[in-house]
Structure formats: structure tokens, C-alpha cells
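Structural overview
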Amino acid sequence: MRFGDSIFAARFQITLADLNRYLAEALSQGGDYADLYFEYLLTSSIGIDESIVKSAAEGVSMGVGIRVIAGERTGYAYTDHLVPEKILKAANVAAHIAGGPAKIEKFDLNEGRRHNLYPVLTAPTETALAGRVDLVRRADRAARAYDPCVFQVQATYADNLRHVMVATSEGVLTIDRQPLARLSVSALARRGGESPQQGRAGGGGRVSLDFFLNEKTPEHFAREAAREAIAMLDAADAPAGEMTVVLGPGWPGVLLHEAVGHGLEADFNRKGVSAFTGRIGQKVASELCTVIDDGTIHNRRGSLNVDDEGYPTQRNILIENGILQGYLQDKLSSSLMRSHSTGSGRRESYAHIPMPRMTNTFMLAGQSDPEEIVRSVPKGLYCANFGGGQVDITNGNFVFTASESYLIEGGKITRPVRNASLIGNGPEALKYISMVGNDLRLDEGVGVCGKSGQSVPVGLGIPTVKIDRMTVGGTA
Amino acid sequence: MTGNHLLDLANQVVRDALARGATDAECTVAEDDEFSVEVRMREIESLKEAGSRGMGLRVLKGQRVGSSYTSDLSPEGVGRMVRSAIEIADLTSEDPHAGLPAPEELGSLPGDLGLYSPAIERLDPADNISRAKRAEAAAFDADPRISNSDGASFDSGAARHVFANSRGFSGEYRTSHCSLSASPVARDGESMERDYWYTMARDPQGLQAPEEVGRIAAQRTLRRLNPVKVDTQKVPVVFEPRTARSLLDSIFDAVHGMAIYRHESFLAGKLGELVANELVTVVDDATIPGRFGTSPFDDEGVPSRRTPVIERGVLRNYLLNTYAARKLGMKTTGNAARGLAGNAGIGHGNFYLEPGVQSPTRILAGIADGFFVTSLMGFGVNIVTGDYSRAAGGIWIRGGELAFAVSEVTIAGNLRDMLRNIEAVGSDLEYSGSLASPTVKIGDMTVGGK
């Protein structure tokens, strides 16, 4: 997209001269670097509950965040009023992080390199709302039709279209249009007078509405949620203590996100507060493990044509054959660490300071047949699906919670067990991976990652893996 | 923009919505100002200062609802928002229970609730920076093993909440807040740990001294050093006030009216039953002056109140908004909560466990072997079934005393049993946010370790 065609030029009459003026104001007190992040965000959401479409909403928000870096210091200000007077005032507030005369006065803005990973002509947000209301109705019907034990269904469809423009004092100007959509289904099932069980499923990405009509339909997600709820009806108490754990493919990649991903974000390592600090070149996983963070996969939830600092995203190798390769860098940390950005600078919105974040994080496929992996386990736990996870990056301890898991007895998957958390220590846990399946799968597209109060969409993936030792937090 | 102007705007939006065909309407406006400074290693790391506003509208056309919001408060922006909500209401379903509170249910608590202090707007950025620096410095000074820092920060802000509806409610209130936190990092050989402490208040005078914040943060961090992983076993588990708060959070989720009518809670259908030990009395009170869970009215314009939730172990009330109340054939408890867009959800006021008589030391004294939990991680609480399994860190209790640091373990049980097995409630009720708990001892839980 050309600057002149962007919503910021067309609707808000922002010119290149304006951008130069705002950057000059931001650096008027002697800062080393400044950037402007313009955002115009359209959102929609629709919810069904008890087969009644109980809510539907649309919204618009906009603003510009102005950042000034002076040495290790960051000044930040934003305004939701896209008029010159307010933007200049915000630039002036941010400028005062530095104290001195202006050093740079002219910025030769040129449109930078960017990918074209989501060439969606009409974003879901731009289609008629009635068509999207139909998605939640279909999900509701399909989940109820799956099994008579299903007695409650909720489905939520949400999408947004984010227009962004980044202009930096280094002359980079990038414009992007980022569609995102997600359908989530929750089903409750009950048998007789027993306690109900819940199943959840969902997915989406940076896709057009066709994705939900032709590729992953509401029925697909609804049946998956209902299946999980039904499967858990017979769940026994989960075991407690150290045991062999097999993770199924897909969303269980949350292991990588928590165990290593966060600990490799450069800000924590620049400050020396990560359990991975100073470990580049060291063995932190078994040689079967190669872990990638890739922001360039087409239509994925975690992908971006450019990151929120205007750099093109890339495919970053975090761990190769067990050896730690590098960190996820943003502008600030990479300049202080004398490295380069890995296209990992992200932020929740114009009101937030960017920081190093993951995009789509996954492990490359190995050689093993997934069935052979399960057969090799005399006694252990098979985890098919997880909820969320969390990590303490300083001591490296992480946790994630199995929402659908089964005992493995004599090489066979047997009984389902109740929800249990799995824990480990980041730099140690992946050393116990003894088999990696040939079935790499990426998740369906529902991930949200939180860090320092900022949420961003991310992707995950993993093949079936066998971990010889992991602590399972059940009660039995 | 002044408060009166925003209130006028909200009332105008409600009138516009009715003129365009809505049978009822409610409008929320929020205005926020924020300031924050982060320091690290005795230097400023970042300064942030900004303000924002937004407005949301929810309309009913008969029994159908539609919502929209905008951050563009220009006449054009507001006009688009109104048209959008009206159009959306044609696409949703007839919901027999949708609707606004009855006019006689609307209202606002009288008097000054101490939610706003003008001192917040007079804070000097230099003083704010100095508070954060002093807190971090106090942590460094506490012990040579505090060799690094994840920073210290001072945040402050003020907000204006405006709400109007077509049943004649129109009200607004202002709030202010400030907080100071420190997050030191300690190292001893191979062991590296981080913890934090914070203080928050409506008025800067209500904050703990920076030196106190830094010292407590350092203490909390140092006591985590060189942890061991214990064997898997069933033992008594004691939650300090900061981690006990998370149990209150789970109880809130379980008495949440939406979860109740959907049968998504292990407490659904249990009103009047003994669900917890008789030592347990849980109250939701949004009327306590100055607290973070206090407000004059909820997000549907219903006056805030005090609601006993669990009394001496017996479940007395769910927390409800108008919708959940209608679904359950009850009355709203004034717990409606919402953002700018969408139907009202349910929130809590000051939601707390009433303190008991035993000091924390007394509670520990009776435990031969047990686990004192000072940190919790993960999302392993299933409100539908009550299954509870979280990662925990803390200190092992041996012979009635805190003995050594423990980490990389899980604690697990089921909330139904955990509430019944609350064997002691401390006298040390500690308020900081809107959830508060004293020390709590649970008779036994499974600690998952080696």
C-alpha cells in the first residue's frame, strides 16, 4: 500500500510533511530516535448463548503513540485525537525524556520493505454483519447436535481490522492493514446427575470470511468443543508427581512458548533477569529439538507483514538441535545489545510501548511415528489439549494446564483424567525430550499472549513429543 | 473535557438513540489520564504520560440488543456510533430476559465515597521518579545478594465514569489511583529469583513509604533463594494473604450469576447449603469509602451495596446483574460491570474473607509438616468442576516454623473440598486492591513434586 492510499492520508489528511514535523518535535530535546505509531482499529463481536444471539457490537478506536529513545531511556505519549495540535503536544511530552538541543532535524521518509502475508481483499470486518451472525448460529446448532449430553453452548465470533502506520526518525515509513478473526465455541456436557464438563475449541487467523465458510467451518470447531466435553465426562483423578508425558501435536506447543519463548525475549536478557541470560551457544534442549519463531507464515494469527516498529518480520531460529541460537530483539534492546532487530517489536495498541514478543512459535518435525511414541511409554500421561500457561522468567519455572489428557498404560492411551497443571524449568525441561514426531501441526489460531499488561495475538505449534520427566499436578 | 459536558453528551446520545427507533438505551463514557515512570538500576527507564476517552452505547429494540463504541467523540463519530448500534439490534435474537433495571432499582449512594483525591493531579513528576528510585535503592540496600533489578515503578491516574440510561438514570463519578512497586532480583550461586511488592491507594498519602516497599520486596525475593523441590505428598497448605486472594477470585467466579444460570459453576444450585467451613464468611461490599472496589452505582445505574456471599460456611447469595437476576428469578445485587461495548457482565466490589482470630504465627505453629504458599502460577482452576491444580512456590513448614524455600511444585485438590477444609482463617486481613483475604490454612492438599 502506498502512503497516499492509506486511511491516515485519505481520511485524516496526514501528509509526509506532517510526519516530519511530528518527528522533529519528538526529537526537539535531543533524543536519539523517535517513532510514530498510528492506529485505526475497527472491531466486531457476536455472541450466542442458550441458542439466543444475545450480543453483537461494533466499535472504532484510533490514536497515535509517540516514542522517543535517549540512551536507555524511553519517553512515551499518545493521543486518541488525530489532529496536528494534539499530536504535536504528545510529541512534545515524549520529547522531554531527553535533555538537550535537537541533533537531527530532517527525516527522509521512504516506504520500507514489507511482506504480503495476508492479501485479504475484503476483511471479515468489512462484510455484512448478518453473514457473521450466521457463524455463531451454525456453531450452536452443530455443538448441540453432536450428542444429547451437550446442554449448554456458547459461541463467540470476533474480528478486527487494524490499519497501522509507523514512521521513524531513521526514515522508515511502513503502512499495513491487518485483518484478524476468531471463532470460539464452549460446550457443557452432563450425564445423569454427574458434574458437568466443559470443552472448548476455536480458531481463525488473518483470513477472509471464506476461511470459516470453506476451510474451518463453525461445525468443525463446535464438534471439537462438544467432543472434548463428552470425552472428559468419564475423567478419573489426574496423577501427581514426576512421570513420562507425551504431548499431542498443535496447541500443546504452548510448552515452547512458556518454557523457552518468553525467556528468550531480549529485554529480559539485556537486563540479565532471564534464566536464559548468557546461555547462547549452550545446550538447553535435547538434540532432537529445533525451535523457531516465525512471523512470516501466510494468514497465521501470529504473523505480521511488519512488526509494530516498522521492521519486516522474519523466521528466527531460537534453538537448533538443542543449542540456544539467539534472542527475540526489538529496536531498543538490539541497539543496546549491539545486535539487530529480529522483527519482534510488538505492542497491544497505540497506547503501549513496544517490546520484544513472539509471533508463531513451534518445533520442527522429527522422525518418529506418533503411534510408536505412545507405544514406547509403559506408564505416563498423554496430553491432547491445553489451556493457558505462565512462566517466571527469572527462575525459569513454567506451568501450563492440560484440559484434555489421558493415562498411558502399557503403551496404550486409556482413561481420560481431570484437568491438571504440568510444570517444569525452562532451561532443563526440553533436555528430557527423547522422541519427536513427524506430525508437526500448528494450532487453530486462538492464542493470546500477555506480557507486562499487553496482550497480542500469537501462534503455536509442535509435533507429538515424548518428555521422559515432567511434574504433573494431579491429586492421585 | 469537563464532567458536565460528558454527562450531557451521554444523555444526548440516549435521546438520539430513542429518536432513531431504540425502545431503551444506555450510554457509558470513560475518560482516563495516566502517568507512569519506570526506573531500573537507579536510572529512569521510561516515562509515559497520556489521556484517552471513549464512549459506548447499548440499545434495545423490543427484546433485541445492539452495541457500539467509539473513541471519536466528534458529532460525526458519535452519530456513526448511534446508527451502528441501532442497525446491529436488527441482527440479534429476541431475548425474553433482556432489558434495563426497573426505574425503582436505579440510584446512587449519597455522600463522598473518597474515590478521588485532587492530590493526584498535583503530583510532581520529579517526586514520582524519586519515589520509584528510593524503593529500588531500598531493595538494593537490604542485602548484597540483591544484585540486579527488574525495575521499580510509580503509576498514577485519574478517571471519570459517566453513565446514563433511558429510564432516567444519569450519573458520574471520578476516581484516582496511585501505586508504587519494586521488583528486585537476587542471586546466590546458581540460584536467581525475582519477587515484588507494591502499594496502591486513592491518594499518595495512603501509600506505604518507598523504603518500606523496597525492603519488603527484597525480603520476599531473598526468601525464595536456593529452593528445593519436595516429594509428592499430602500436607496442610497455608496461603499468605497475597496468594489467598486468588482463592477469593475463584469463589467470585463460582458465585458469578452468569456462571450460575449456565450451570458453569460447582456452586450452582447450592444456595442455603453449607459449602465451606463455618470459619468462612465472604462478603462483597462496594460501599467502603476509599477502597478500590467501591463505587456509588454499578454499570447499570443500580446503587452499590453490601452483599453477604458466604455466612459461616453457608452460601447466601450469588452476585448478579439485572440479566442474571431475571434468568434466576431474583433481584440484581448491583454487581453489573462492563467496558464500553456490549451487555453488562458481573464484577465484584470489595470482595473479602472476614478475618478470624488467629495470628499467622499461631496458624503455622500447629503444623508439623506443611507448605506456606507465597507465589502461584497458571490457570488450572476449573470453576465448572471445582478442579484445582496450580504451580506454586513458597516455604516449607517444619515443626511449626518456616524452614526452607520450595519451588517447582504443584498444589492440587477440588475447590468443594478445599472450602470445607479451611481449618484456620488469620486475623491479618490485608487490603490492597478490591480482593482481600487474611492468611488461610487448608487441611490438606496434594503437593506434586519429585
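Above this text sits the structure in question.
Read on for an overview of the structure. (Residues numbered from 1 in each chain as written. Chains lettered and ligands numbered in written order. Predicted model: local features only at pLDDT ≥ 70, side-chain atom pairs only at ≥ 80, totals over all residues. Heavy atoms only, no water.)

What about the sheet that holds strand S23 (residues 459–462) of chain A?
Residue and element names in this part refer to chain A. Note the following rule: Here the rule is simple: two strands pair whenever DSSP picks up at least two bridges between them. Only DSSP runs of H or I covering at least 4 residues are called helices, and only runs of E covering at least 2 are called strands; the numbering of each starts at the N terminus. When checking whether two residues touch, look at their non-hydrogen atoms; a contact exists if any pair is within 4.5 Å. Fitted lines through C-alpha atoms give the axes, limited to the stretch in contact for helices. The angle between two N-to-C directions lies from 0 to 180 degrees.
As summarised here, the arrangement of the six strands in space is S11-S10-S9-S14-S23-S20, forming an open sheet in which the pairing is mixed. Each edge of the sheet is formed by a strand with only one pairing partner; in this case those strands are strand S11 (323–324) and strand S20 (441–442). Two elements, strand S14 (residues 360–363) and S23, share three bridges in a ladder whose sense is parallel. Paired with Asn 360 across the two strands is Gly 459, which belongs to S23. The strands that helix H7 (residues 254–261) touches are strand S9 (291–294), strand S10 (315–320), S14 and S23; relative to S23, the one it contacts most, it runs at about 100 degrees.

Considerations on the pairing of strand S8 (residues 240–247) of chain A
All names here are of chain A. Keep this limit in mind: Note on exposure labels: buried denotes an accessible area under 20% of the residue type's maximum, exposed denotes more than 50%, and partly exposed covers the range between, all computed with a 1.4 Å probe on protein chains only.
Counting buried positions along S8 yields seven of eight residues, so the element is predominantly enclosed. Relative to strand S24 (residues 465–473), S8 runs antiparallel, the two being bridged by seven bridges. Each bridged residue has a counterpart across the sheet, and for Val 245 the counterpart in S24 is Ile 467. Here S8 pairs with strand S15 (residues 379–391) via four bridges, running parallel. If you follow Val 245 over to S15, its bridge partner there is Leu 381.

What to know about helix H3 (residues 84–95) of chain A
Given 3.6 residues per turn, any residue in an α-helix points the same way as the ones three and four places further on. Residue and element names in this part refer to chain A. Using the following cut-off: Residue count minus one, scaled by 1.5 Å, sets the expected span of a helix. By definition, the arc is the one covered by directions from the helix axis to the C-beta atoms.
The end-to-end C-alpha distance of H3, which contains 12 residues, comes to 16 Å, matching closely the 16 Å that a straight helix rising 1.5 Å per residue would cover. Turning to H3, its buried residues number three or more, namely Ile 87, Ala 90, Ala 91, Ala 94 and Ala 95. All buried residues of H3 fall inside an arc of 140 degrees around its axis, so they share one side. Along H3, the residues that are exposed and aim more than 90 degrees away from the buried face are Glu 85 and Lys 89. Among the structural elements, helix H2 (16–26), strand S1 (33–49), strand S2 (52–70) and strand S3 (73–79) are those in contact with the buried residues of H3.

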